[in-house]
Amino acid sequence: ARGTESLPSFVAFARLGLEDSHLRQVMKSGLLALPPAEVRERCLRLRAMLPSDAAFFRAVKQCPQLLRLSQGNLEAKRAHLLALGLQEEEVDRIVEKRPEVLFTSVEAYDELVDFLQDALGLDLGQVCLALRREPSLLWRSTERMLANLDFLYERGLSKEQAQGAVLSFPSILRYSVEGMDDKFAVLEAHGLSPQAACDAVAKHPFLLSLAEDTLDEKLSFFVNDLGWAVEDVVKMRKCLTYSLSDRLRPRTAFAKHLGVRLRSKTYWMDITDKNFAKSLRVEPEVYEAFLRVHRAAAKGPAGGGALGSSMARAVDAPSP
């Protein structure tokens with residue numbers, strides 16, 4: 001792209017294990033103009049800022065523009081994060097998880113801190129807690145985050161509830177307002193009043209992280225298939241974290257086939273497959289065979305109307 005004079009530098013970057021898409025980013029950023037010796041020096045400099053070789057390779061792949069920064073610039077940003085109150089190992093984890101934070105200006109760091117303190121009344125320790133949980137806030141637009149807060153307030157959350165939601169699940173500040181509104185609509189479509197939906201999100205803000213279809217499908221499963229009250233579903237956060245296809249539906253189908261009533265609302269979800277089988281007084285191998293049939297049938301219509309008989313053959317065990 002830049003002529004044969006850039007080939008040695010291109011090879012130097014390629015040796016880092018970068019994929020084609022990342023190499024294109026390197027080319028666009030002008031880094032191929034650097035001599036190979038400078039590439040090596042900048043790589044060593046960036047590596048010194050990161051906790052491991054794996055973190056270095058990930059950083060270069062995710063954000064090759066980091067190699068454009070001077071050592072002083074990198075060190076200043078690290079020092080700024082430490083000055084907020086984050087510990088050395090916490091900064092290491094943040095940079096390893098989100099190397100883009102080193103490409104963000106220190107002015108953006110300060111803008112975020114001011115925003116969280118002014119808009120939500122967080123102290124510096126709480127700001128650090130939010131950053132440990134969601135480092136990407138360091139480069140998010142404060143205008144967009146303010147729009148998210150305004151949306152939550154319009155939905156009925158108090159400032160205290162919004163503060164608690166951000167502290168427990170700071171990712172809530174990076175979702176689109178439209179997407180969050182869709183999740184509220186799903187909660188209300190399943191019977192929650194606007195205030196109940198507001199209270200559910202305040203208590204379990206992770207609800208807004210679920211895809212709209214996923215949230216709808218899981219609520220339908222618990223309310224329509226299992227007969228739960230929707231209020232009970234949103235109170236029990238963990239029941240919405242389990243996979244419908246891999247855990248919830250196979251287990252309820254297995255219990256139904258055996259004619260067994262599940263003992264509690266959540267115990268049967270939490271335990272391993274082996275202990276689940278034992279709780280129904282069947283051998284784990286029996287449930288494993290059932291799972292194979294169930295999952296194969298779920299992948300397509302191959303079994304057709306023979307699904308029930310296939311499952312019956314898989315469960316060759318007496319009822320408890």
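Quick caveat: nothing in here was measured; it's all calculated off a predicted structure. (Residues numbered from 1 in each chain as written. Predicted model: local features only at pLDDT ≥ 70, side-chain atom pairs only at ≥ 80, totals over all residues. Heavy atoms only, no water.)

Novice: Looking at this structure, how should I read the overall build of the protein chain?
Specialist: Along the protein chain, the regular secondary structure elements total 19 helices and 0 strands. Put simply, 67% of the contacts in the protein chain that link residues at least 6 apart link residues at least 24 apart. Total accessible area on the protein chain is roughly 16,100 Å²; 49% of this is exposed by carbon and sulfur atoms. (Helix = DSSP H or I, 4+ residues; strand = E, 2+ residues; numbered from the N terminus. Contact = heavy atoms within 4.5 Å. Areas by Shrake-Rupley, 256 points an atom, 1.4 Å probe, with all protein chains shown as cover.)

Novice: Looking at this structure, how should I read unusual backbone geometry?
Specialist: The phi torsion of most residues other than glycine is negative, and most of the peptide bonds are trans. Phi is positive for R281, which is not a glycine, with a value near 65°. Looking at the element boundaries, R281 is found in the loop between helix 17 (273-279) and helix 18 (284-299). A relative accessible area of 63% places R281 in the exposed class. (Buried < 20%, exposed > 50% of the residue type's maximum accessible area, 1.4 Å probe, protein only.)

Novice: What exactly am I supposed to notice about the confidence of the model for the protein chain here?
Specialist: As a general rule, the predicted coordinates of low-pLDDT regions are not to be interpreted in detail. Residues with a pLDDT of 70 or more make up 83% of the protein chain, whose mean pLDDT is 84. Summarising per-element confidence for the protein chain, the mean pLDDT is lowest in helix 19 (residues 307-314) (46) and highest in helix 11 (residues 177-189) (97). Below pLDDT 50 for its whole length, residues 302-314 participates in 11 contacts with residues either more than four positions away or in separate chains. Long-range and interchain partners of residues 316-320, a stretch whose pLDDT sits below 50, account for 8 contacts in this model, where long-range means more than four residues apart. (pLDDT = per-residue confidence, 0-100.)

Novice: When you look at helix 6 (residues 88-97) in this model, what are you seeing that I'm missing?
Specialist: Since there are 3.6 residues in each turn of an α-helix, residues three or four apart along the chain are aligned in direction. Taken residue by residue, helix 6 has E90, V91, I94 and V95 as its buried positions. Buried residues along helix 6 cover an arc of 130° about the axis, so they all sit on one side. Residues of helix 6 that are buried make contact with helix 5 (71-83) and helix 8 (124-133). (Arc of directions from axis to C-beta.)

Novice: Explain the packing of helix 11 against helix 13 (residues 212-225) here, please?
Specialist: Working note: a packed helix pair is described by the angle between its axes plus the distance between those axes. Remark: helix 11 packs on helix 13, axes separated minimally by 9 Å, with the N-to-C direction vectors making an angle of 15°. Between helix 11 and helix 13, the angle falls in the class roughly parallel. The handedness of the crossing between helix 11 and helix 13 comes out as right-handed. On the side of helix 11, the interface is formed by D182, K183, V186 and L187, while helix 13 contributes E212, L215, D216 and L219. Of the residues in the contact of helix 11 with helix 13, the class split is 4 nonpolar, no polar and 4 charged. (Axes fitted to C-alpha atoms, helices over the stretch in contact; angles between N-to-C directions. Parallel < 35°, antiparallel > 145°, perpendicular 65-115°, else oblique. Left-handed = near helix turned anticlockwise from the far one by under 90°. Nonpolar A, V, L, I, M, F, W, Y, C, P; charged D, E, K, R; others polar.)

Novice: Could you clarify how one ought to interpret the pattern of salt bridges in this entry?
Specialist: Any two side chains of opposite charge can pair if their charged atoms end up close together. Counted under the stated rule, the structure contains 12 salt bridges. Across the pair E188 and R155 runs a salt bridge, and its minimum N-O distance is 2.6 Å. Here E188 is found in helix 11, whereas its partner R155 is found in helix 9 (residues 142-155), with 33 residues between them in sequence. Residue K265 is joined to D232 by a salt bridge in which the shortest nitrogen-to-oxygen separation is 3.0 Å. Linking K265 in the loop between helix 15 (244-258) and helix 16 (267-270) with D232 in helix 14 (residues 230-235), this pair joins segments that are 33 residues apart in sequence. A cluster of three or more residues bridged by salt bridges with shared partners is formed by R78, E88 and D92. (Salt bridge = Lys/Arg side-chain N within 4 Å of Asp/Glu carboxyl O.)

Novice: Help me understand the environment of G164, please; the structure alone is not making it clear to me.
Specialist: Its place among the elements puts G164 in helix 10 (residues 159-168). Sequence separation between G164 and P205 is 41 residues; the distance between their C-alpha atoms is 9.2 Å.

Novice: Before we go on, may I ask you to explain a negative patch on the surface in this structure?
Specialist: On the surface, E107, D110, E111, D114, D118 and E143 cluster together to form a negatively charged patch. In terms of residues, the negative patch owes the most to one element, helix 7 (residues 106-120), which gives 5 residues. (Patch = residues over 30% accessible without salt bridge, like charges linked within 9 Å, V, L, I, M, F, W, Y side chains within 5 Å. Lys, Arg positive; Asp, Glu negative; His and termini not counted. Charge placed at Lys NZ, Arg CZ, Asp CG, Glu CD.)

Novice: Just to check I follow, could you spell out the nonpolar core for this structure?
Specialist: Generally speaking, soluble globular proteins have nonpolar side chains that are buried together. Within the largest apolar cluster, 88 residues are counted, with the highest numbers of intra-cluster contacts made by I172, L219, F222, L240 and F254. At 6 residues, helix 7 tops the list of elements feeding residues into this core. In this structure, L240 is in contact with F206, L207, L210, K218, L219, F222 and V233, ignoring residues within four places of it in sequence. (Core = buried A, V, L, I, M, F, W, Y, C linked by side-chain atoms within 4.5 Å.)

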